[in-house]
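Summary of structural features
Take a look at the letters that make up each chain.
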Amino acid sequence: MGQDVVQASTDHAAPGRQLSLPVEGMSCASCVGRVEAALGRLPGVAEAAVNLATARARVRFSGAADPAAAVHAIEEAGYAVPEARTEIAVDGMTCASCVSRVEQALARIPGVTGAAVNLATGRATVRHPAGAVREADLLEAVEGTGYEARTVGEDRGTDQAREAREAEAAGLRRDLLLALALALPLFAVEMGSHLVPALHAWVTHTVGMRATWTAEAALAGLVLFGPGLRFLRKGVPALLRGHPDMNSLVALGTSAAYGYSLVATFLPGLLPAGTGNVYYEAAAVIVFLVLLGRYLEARAKGRTGAAIERLMSLAPTTARVVRDGGEAEVEVAALRVGDVVRVRPGERVAVDGEVVAGSSHVDEAMITGEPVPVAKNTGDMVVGGTVNATGGFDFRVTRVGGDTVLARIVRMVEEAQGSKLPIQAAVDRVTGWFVPAVMATAAATFVAWVAFGPAPALGLALVNAVAVLIIACPCAMGLATPTSIMVGTGRAAELGVLFRHGDALQALRDVGTVAFDKTGTLTEGRPELTDLAPAAGADGNEVLALVAAVEARSEHPVGTAVVEAAKRRGLAVGPVQEFEAVPGFGVSGRVAGRKVEVGADRFMARLGYDVSGFAPEAVRLGGEGKSPLYAAVDGRPVAILAVADPVRENSPAAVRALRALGLRVAMVTGDNRRTAEAIARKVGIDEVVAEVLPDGKVAAVKGLRSAAGGKVAFVGDGINDAPALAEADVGLAVGTGTDVAVESAGVVLMSGDLRGVVNAVAVSRAVMRNIRQNLFWAFAYNVALVPVAAGVLYPLNGMMLSPVLAASAMALSSVFVVTNALRLRRFSPPAIPGPAGGGTAGHAPVPGRVAPAE
């Protein structure tokens, strides 16, 4: 969800091949001419036509289409083709080498600029210029590698994914039980004969070895060509294509053991004397154990997406719509914007909307992670999936379907879960050659045992080669990273932390400095006028009325605070002419014929006004954490005003917790230094970058990065802080439950509680630690056990690794990795005390309130 699934318009039925590409930036007929001319000059283009109204270019090639060349020509002409992402579901992948092959096949398609495949989710995300690639070509490329592919539409939900997982688990369970029923008697006879001499004697004299071997051949054949057929169907074609995978290793190992045993049973004369042994039980038990590992893995993987399923299940299926004075229960899917929905006590809110009647408290913990219900009155926003507490209310629907907050949260989590971390690139490089290297090792093992092993060398060579093939499965390597990401990002969403990009999850672990914006982030973003000291001879109420008149035209929260203060005093706020706002400095205008200018000390200095007479008052106000402003009327400073923005209750606790994690904490603000340092003292921040203009926050982030020599995370409100959020190594946007789509940030905190920053850092560290554990186990397992399987210990202590034990170890490795990742579901954030011993998160900011541009 949340990705652009674009169907390219490519006509295969035409003599040539066509592309239909969207073009951005065209504004007139000359633009059309330039794009047409650029496309027309391409080799092989038979016709190029551009439509300004639809903003699309249709290109017909005389031969095969060249999307990359067409896109490049449009860009060279000065226009752009937007990038799209197509997501497809891939079935049948079992290991990291499968992932690598699918990615390579997709990347080879003309027009594709990037492809990422996630083994845990079974999804492939393909980046390409919009219109340059057909979905059918993507599906064909995946199917050409031996896997099944299907489209994923916007209407897909967890139900389809869950059904696919359940069907896979049911099929594995069926095959597993059948393999157990067939392999158990075979295993009992063979291993029993080795362990109990009396049983061996009874079988030999009563049934006969030839008849016993014949029966074992039948049972093993039923296992290999019944439940084990899945390995042959996928492994053999992959082997013939020159791209072997885990299925190839299992198919090769079991087939070698079974084939050798068949020769020993029915054509023993072809084998050297003393080598006529059978390994039917090894072939059958290997299939059983691999299926067991697959089944346990599928069951465990099914739990990795539990967080998304829980989120999806929060939305009710029906809603009570108020129509014609009565109530009608309708499906939620039938709701439309503008409908009025009634919510009774204890019910879930169906979709997003605005309260139009009644009042209540709503539990928004599923959105913000805050346990305290939030009061809702007329005009307040409610979010679909939240729980009404005691009162009842009616709300008007404002968002439905994929536009709701819950749907957007699910999209963000799914995109993060499907992303590939930078650490995965190293894993991919290793797994790309891993399976061929294993096959080469197995071949070398066979040759070495035949040449130097004791009698019967041929049988021992086969056993050890099969053990190498079976034990060195790269499943664990492929699952090590994506399963941890899935579980970790899901758990983070439950805590009100949304990782929008996978690389933010990894980068946050390495951050050394966390820089906070002040207004609306460390503070509530709701400043209040606290002081007004007029100059000698000036009337305070008159000055306030004049200042309020000018500030009424400003969108800055400071202006709102001044206007509200004037209204509380009952002062008339007159009209203003010649209004001008100077960002980062102040505002000016003419009220009742008088020139009024209001702003910070730097604004007064810029205007050439001397405000030194207010210096003692300015020092006092700054020391109290208040922001002093100056008012000038008709060219003369007449008053100093002070505005204070209350510090968020949980800001000090969050700062202390970050410092306890070993992080350097800084504050970036446009306030004067005295005020900034006073606020910093209140919250416990030592490093302050003050008096920063709106466009200077990017430079401030760069400066912090240079000074510390490490990665910097910037925490802002996501509105005026967008450039700084984008410049930082990790941007964390303090959102609200009703506004989560912050495009500039890699991480979104659903509530205004800054303890979410601590949770985000802790989740990042926990996930990356879990990934390192998984990778260590996956690689160490292979490094340690492949030589043992090859028989390097045999000259020292006579030890060899049975193929059956190898299959058990291989299955265990994958199950271990997935189970270890599932531990993240129980992740608990660091204990951070709340305000005044309350221990609870603060309430989210008022929806729709805009923080100031500092």
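No experiment lies behind these values; they were computed from the predicted model shown.

**With respect to the sheet that holds strand β2 (residues 45–51)**
If you trace the 3 strands from one edge of the open sheet to the other, you get β1-β3-β2, paired in antiparallel fashion. The open sheet terminates on both sides in strands that have one partner only, identified here as β1 (17–22) and β2. Across the sheet, the mean angle separating the axes of adjacent strands is 15 degrees when strand polarity is ignored. Bridging between β2 and strand β3 (residues 56–61) involves 6 bridges; their strand directions are antiparallel. Bridging from a neighbouring strand, Ala48 pairs with Val59 of β3.

**A word on the pattern of salt bridges**
Inspection of every chain in the model, using the stated rule, returns 34 salt bridges. Here Asp394 makes a salt bridge to Arg342, at a shortest N to O gap of 2.9 Å. Residue Asp394 is found in strand β16 (residues 393–399), and its partner Arg342 is found in strand β10 (residues 340–343); the two are separated by 52 residues along the sequence. You can call Asp394 buried: its relative accessible area is 12%. Among the charged side chains, a network of salt bridges with common partners joins Arg320, Glu327, Arg342, Arg344, Glu347 and Asp394.

**Here we look at helix α19 (residues 540–551)**
Taking 1.5 Å per residue, 12 residues should reach 16 Å; α19 reaches 16 Å between its end C-alpha atoms and fits that length. Extensive coverage of α19 is indicated by the burial of 10 of its 12 residues. Inspection of α19 places Gly540, Val543, Leu544, Ala545, Leu546, Val547, Ala548, Ala549, Val550 and Glu551 among the buried residues, and these make up the whole buried set. The opening residue of α19, the one whose side-chain oxygen lies 3.2 Å from the backbone nitrogen of Asn541, is Asp539.

**What to know about a nonpolar patch on the surface**
On the surface, Leu177, Leu180 and Leu184 cluster together into a nonpolar patch covering about 260 Å² of accessible area. Along the polypeptide, Leu177 turns up in helix α5 (residues 158–195). Judged by its relative accessible area of 45%, Leu177 falls in the partly exposed class.

**Regarding a positive patch on the surface**
A cluster of basic residues, Arg769, Arg772, Arg823, Arg825 and Arg826, forms a positive patch at the surface. Looking at the element boundaries, Arg826 is found in the segment after α29 (803–822).

**Focus: the UniProt feature "transmembrane region" (unreviewed entry) in the protein chain**
The feature "transmembrane region" (unreviewed entry), as given by UniProt, occupies residues 176–199, 211–229, 249–271, 277–296, 430–452, 458–481, 775–794 and 800–822 in the numbering adopted here. When the span residues 211–229 is considered, its composition is 79% helix and 0% strand, and the gap between its end C-alpha atoms is 25 Å. Summarising residues 775–794: 85% helix, 0% strand, and an end-to-end C-alpha distance of 29 Å.

**What to know about the side chain of Ser651**
Here Ser651 shows up in helix α23 (residues 651–660). Residue classification places Ser651 among the buried residues on the basis of a relative accessible area of 1%. Reaching out from Ser651, the side chain makes a polar contact with the backbone oxygen of Leu522 at a distance of 2.9 Å. Setting aside residues no more than four positions away along its own chain, Ser651 makes contact with Thr521, Leu522, Val683 and Leu754.

**Description of the environment of Gly696**
Mapped onto the elements of the fold, Gly696 is located in the loop between β26 (687–689) and α25 (697–708). Here Gly696 falls in the buried class, since its relative accessible area comes to 19%.

**Focus on unusual backbone geometry**
The backbone of Asp634 shows a phi angle near 55 degrees, a positive value even though the residue is not glycine. With respect to the helices and strands, Asp634 occurs in the loop between β23 (627–633) and β24 (636–644). Of note, Glu691 is a non-glycine position whose phi angle comes to about 55 degrees, a positive value. Tracing the sequence through the fold places Glu691 in the loop between β26 and α25.

**A look at the packing of α19 against helix α20 (residues 557–568)**
Running from N to C, α19 and α20 cross one another at 135 degrees; their axes reach a closest spacing of 8 Å. Considering their axes alone, α19 and α20 lie oblique with respect to each other. The chirality of how α19 crosses α20 is left-handed. Mapping the contact onto sequence places Leu544, Val547, Ala548 and Glu551 in α19 and Gly559, Val562, Val563, Ala565 and Ala566 in α20. Looking at side-chain class alone, the contact of α19 with α20 contains 7 nonpolar, 1 polar and 1 charged residues.

**Quick look at the environment of Asn774**
Topologically, Asn774 is positioned in helix α27 (residues 755–790). Sequence-wise, Asn774 and Thr481 are 293 residues apart; in three dimensions their C-alpha atoms are separated by 7.5 Å.

**Considerations on the sheet that holds strand β25 (residues 664–668)**
In space, the 7 strands of this open sheet follow the order β17-β29-β28-β27-β18-β25-β26, with mixed pairing throughout. Strand pairing shows two members of the sheet lacking a second neighbour, β17 (497–499) and β26, which therefore form its edges. Strand after strand, the sheet turns through a mean of 20 degrees between neighbouring axes, direction not considered. Direction of pairing for strand β27 (residues 711–716) relative to strand β28 (residues 730–734): parallel, over a ladder of 4 bridges. Bridge assignment links Ala713 to a residue of β28, and that residue is Val730. The strands that α27 touches are β17, β18 (511–517), β27, β28 and β29 (747–749); relative to β17, the one it contacts most, it runs at about 50 degrees.

**A short note on the pairing of β28**
Of all 5 residues in β28, 5 are buried, a share of seventy percent or more. The alternating pattern of β28 places Val730, Leu732 and Val734 on one face and Gly731 and Ala733 on the opposite face, and all of these are buried. In the sheet, β28 pairs with β29 via 3 bridges, with the strands oriented parallel. The partner of Val734 across the bridge, within β29, is Leu749.

**Re the confidence of the model for the protein chain**
Residues at a pLDDT of 70 or more form 85% of the protein chain, whose mean pLDDT is 80. Contacts for the low-pLDDT stretch residues 1–16, under 50 throughout, to residues beyond four places or in other chains number 52 contacts. Throughout residues 154–158 the model reports pLDDT below 50, and contacts reaching past four residues in sequence, or to other chains, amount to 11 contacts.

**Comments concerning α25**
The terminal C-alpha atoms of α25, which comprises 12 residues, lie 16 Å apart, in line with the 16 Å expected from a rise of 1.5 Å per residue. Every buried residue of α25 is listed here: Lys697, Ala700, Val701 and Leu704. For α25, the buried positions fall inside an angular range of 100 degrees around the axis, keeping them on one side. Among the exposed residues of α25, those oriented more than 90 degrees off its buried face are Ala699 and Ser706. For α25, the secondary structure elements touched by its buried residues are β18, β25, β26, β27 and α26 (722–727). Among the residues trailing α25, Gly709 stands out with phi positive, at a value near 70 degrees.

**A word on the side chain of Glu216**
Counting through the fold element by element, Glu216 comes out in helix α7 (residues 209–224). On the accessibility criterion, Glu216 (3% relative accessible area) is buried. Not counting chain neighbours up to four residues away, the residues in contact with Glu216 comprise Leu186, Val189, Glu190, Val278 and Tyr280.

**Here's the deal with the nonpolar core**
Nonpolar side chains in soluble globular proteins tend to be buried together. Ranked by size, the top nonpolar core spans 165 residues in total, and within it Leu106, Phe516 and Leu732 carry the most contacts. In terms of residue count, α27 provides more of this core than any other element does, 17 residues in total. When residues no more than four places from it in sequence are discounted, the contact partners of Leu106 are Ile88, Val112, Ala115, Val117, Ala124, Val126, Leu138, Ala141 and Val142. Counting residues in each nonpolar core, the second largest holds 28 residues, with Ala545, Val562, Ala631 and Val643 among its members.

**Some remarks on the packing of aromatic side chains**
The geometry of an aromatic ring pair is captured by the separation of the ring centres together with the interplanar angle, meaning the angle of the planes. All chains considered together, the criterion is met by 6 aromatic pairs. Both rings, one in Phe393 and one in Phe395, keep their centres 6.4 Å apart while their planes meet at 50 degrees; by these two values the pair is tilted. One exposure class covers both Phe393 and Phe395, and it is buried. Centre to centre, the rings of Trp777 and Phe816 are 4.5 Å apart; their planes meet at 40 degrees, and the pair counts as tilted. Of the two residues, Trp777 is situated in helix α27 and Phe816 in helix α29; the sequence distance between them amounts to 39 residues.

Cut-offs used in this document
The written sequence of each chain sets the order in which its residues are numbered from 1. Only residues with pLDDT of at least 70 are given local features in this predicted model, and only at 80 or more are side-chain atom pairs given and counted; all residues enter the totals for whole chains, interfaces and linings. The basis for every side-chain value is the complete set of heavy atoms in the structure, and neither hydrogens nor water enter the calculation. Here, a strand pair is defined by DSSP locating no fewer than two bridges between the strands. A helix here means a DSSP run of H or I that spans at least four residues, while a strand means a run of E at least two residues long, and both kinds are numbered starting from the N terminus. The angle between two axes is taken between their N-to-C directions and runs from 0 to 180 degrees, where each axis is a line fitted to C-alpha atoms and a helix contributes only its stretch in contact. Salt bridge, as applied in this entry: a Lys or Arg side-chain nitrogen positioned within 4 Å of an Asp or Glu carboxyl oxygen. Exposure categories follow from relative accessible area, calculated using a 1.4 Å probe and restricted to protein chains: below 20% of the type maximum is buried, above 50% is exposed, and the middle band is partly exposed. In a helix, the anticipated span is given by 1.5 Å times the number of residues less one. Throughout this description, a polar contact denotes any pair of N or O atoms lying within 3.5 Å of each other; where both atoms belong to protein, one of them has to be capable of donating a hydrogen while the other can accept it, and for residues adjacent in sequence the pair is counted only when both atoms sit in side chains. Here a patch means residues that are over 30% exposed by relative accessible area and free of salt bridges, tied together within 9 Å if like-charged and within 5 Å if nonpolar (Val, Leu, Ile, Met, Phe, Trp, Tyr). Only the protein chains shown count as cover for residues, with accessible areas throughout obtained via the Shrake-Rupley method and a probe of 1.4 Å. Positive charges come from Lys and Arg, negative ones from Asp and Glu, while His and the chain ends are left out of the count. Note that the charge is assigned to NZ on lysines, CZ on arginines, CG on aspartates and CD on glutamates. UniProt positions are given in the numbering used here, feature names are shortened, and annotations may be inferred rather than shown by experiment. In what follows, residue pairs with any heavy atoms lying within 4.5 Å of each other are defined as contacts. Any angle that is under 35 degrees is reported as roughly parallel, and any over 145 degrees as roughly antiparallel; angles of 65 to 115 degrees are reported as roughly perpendicular and all others as oblique. Rotating anticlockwise by less than a right angle from the far helix to the near helix defines a left-handed crossing, while the corresponding clockwise rotation defines a right-handed one. Any residue outside Ala, Val, Leu, Ile, Met, Phe, Trp, Tyr, Cys, Pro, Asp, Glu, Lys and Arg is labelled polar, Gly included; the first ten of those are nonpolar and the last four are charged. Scored from 0 to 100, pLDDT reflects the predictor's confidence in each residue. For this quantity, the arc is that covered by the directions from the helix axis to the C-beta atoms. Buried Ala, Val, Leu, Ile, Met, Phe, Trp, Tyr and Cys residues that are joined via side-chain atoms within 4.5 Å together make up what is termed a nonpolar core. Put simply, two rings from Phe, Tyr or Trp (the six-membered ring, in Trp's case) pair if the centres are within 6.5 Å, and we call them stacked under 30 degrees between planes, edge-to-face over 60, tilted for the rest.

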